[in-house]
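So the chains spell out like this:
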Amino acid sequence: RDSSVTGVQTCALPICTGRQIGAPLGVNGAPGRRIKLSPNDRRAAMDVPGGEIGIVDLVRGTLARMTKDPAQETWEVWAPDGGRVAFASRRNNGTQNLWVHDVTSGAETLLREATINETPWDWSLDGKYILYARSRGDLLAMPLDDAKHPVDVRSEEHTSELQSHLNLVCRL
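Because the structure is a prediction, the values reported are computed rather than measured. (Residues numbered from 1 in each chain as written. Predicted model: local features only at pLDDT ≥ 70, side-chain atom pairs only at ≥ 80, totals over all residues. Heavy atoms only, no water.)

Caption draft 1: Layout of the packing of aromatic side chains. Here the structure, examined in full by the defined rule, presents one aromatic pair. Judged by centre distance (6.4 Å) and plane angle (20°), the ring pair of Phe87 and Trp99 falls under stacked. With Phe87 in strand S9 (residues 84–89) and Trp99 in strand S10 (residues 97–102), the pair connects residues that are 12 residues apart, well separated along the chain. Neither Phe87 nor Trp99 differs from the other in exposure class; each is buried. Residue placement shows Arg91 over the ring face of Trp99; its charged tip is 4.2 Å from the ring centre. (Phe/Tyr/Trp six-rings, centres within 6.5 Å; stacked < 30°, edge-to-face > 60°. Helix = DSSP H or I, 4+ residues; strand = E, 2+ residues; numbered from the N terminus. Buried < 20%, exposed > 50% of the residue type's maximum accessible area, 1.4 Å probe, protein only. Lys NZ or Arg CZ within 6 Å of the ring centre and 35° of its normal.)

Caption draft 2: How the structure looks around the sheet that holds strand S11 (residues 108–112). With antiparallel pairing, four strands are arranged side by side in an open sheet as S8-S9-S10-S11. For this open sheet the edge positions go to strand S8 (73–78) and S11, each flanked by a neighbour on one side alone. Averaged over neighbouring strand pairs, the angle between their axes works out to 30° when direction is ignored. Two strands pair when backbone bridges link them, and S9 and S10 are joined in this way by six bridges, in the antiparallel orientation. Considered in S10, the bridge of Ala88 is made with Leu98. (Pairing = 2+ DSSP bridges. Axes fitted to C-alpha atoms, helices over the stretch in contact; angles between N-to-C directions.)

The values reported here are purely geometric and, on their own, carry no functional implication.
Given below as structure tokens:
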């Protein structure tokens with residue numbers, strides 16, 4: 001895999017703590033649209049031109065393409081351990097499906113093939129669920145050990161089951 005992209009521009013971005021970090025604006029003058037810091041603040045995942053996702057090593061100042069499929073890929077969300085990134089991709093059937101990228105191995109796994117667009121929002125604190133939305137307004141939690149049976153987050157039936165896994169607070 002080609003792990004370098006030239007022409008990265010940087011700027012200082014404020015984050016919740018108010019401190020500044022150097023983070024990529026984009027590649028070859030084209031702005032990145034979304035930047036998500038890893039849990040240890042050492043890497044950032046971002047949309048890059050061409051509908052792909054890149055991972056920036058903020059310590060080394062390098063950018064590597066995370067995805068290389070010609071389909072549009074976006075909505076990257078780091079797992080709590082920083083070892084995986086959930087994202088949405090239109091590969092396979094043109095519908096926005098949920099995928100997980102293993103940062104160490106580079107392996108990508110389709111969680112399930114959806115019939116309507118699905119967008120990852122967050123991970124559970126224990127990394128066992130991905131919180132995601134469907135295009136028709138549903139908010140669900142997908143257990144990674146049983147992706148065929150997502151749980152409706154708003155259902156009272158599953159509240160106690162999800163309570164121990166999901167802490168629905170704003171995280172960057």
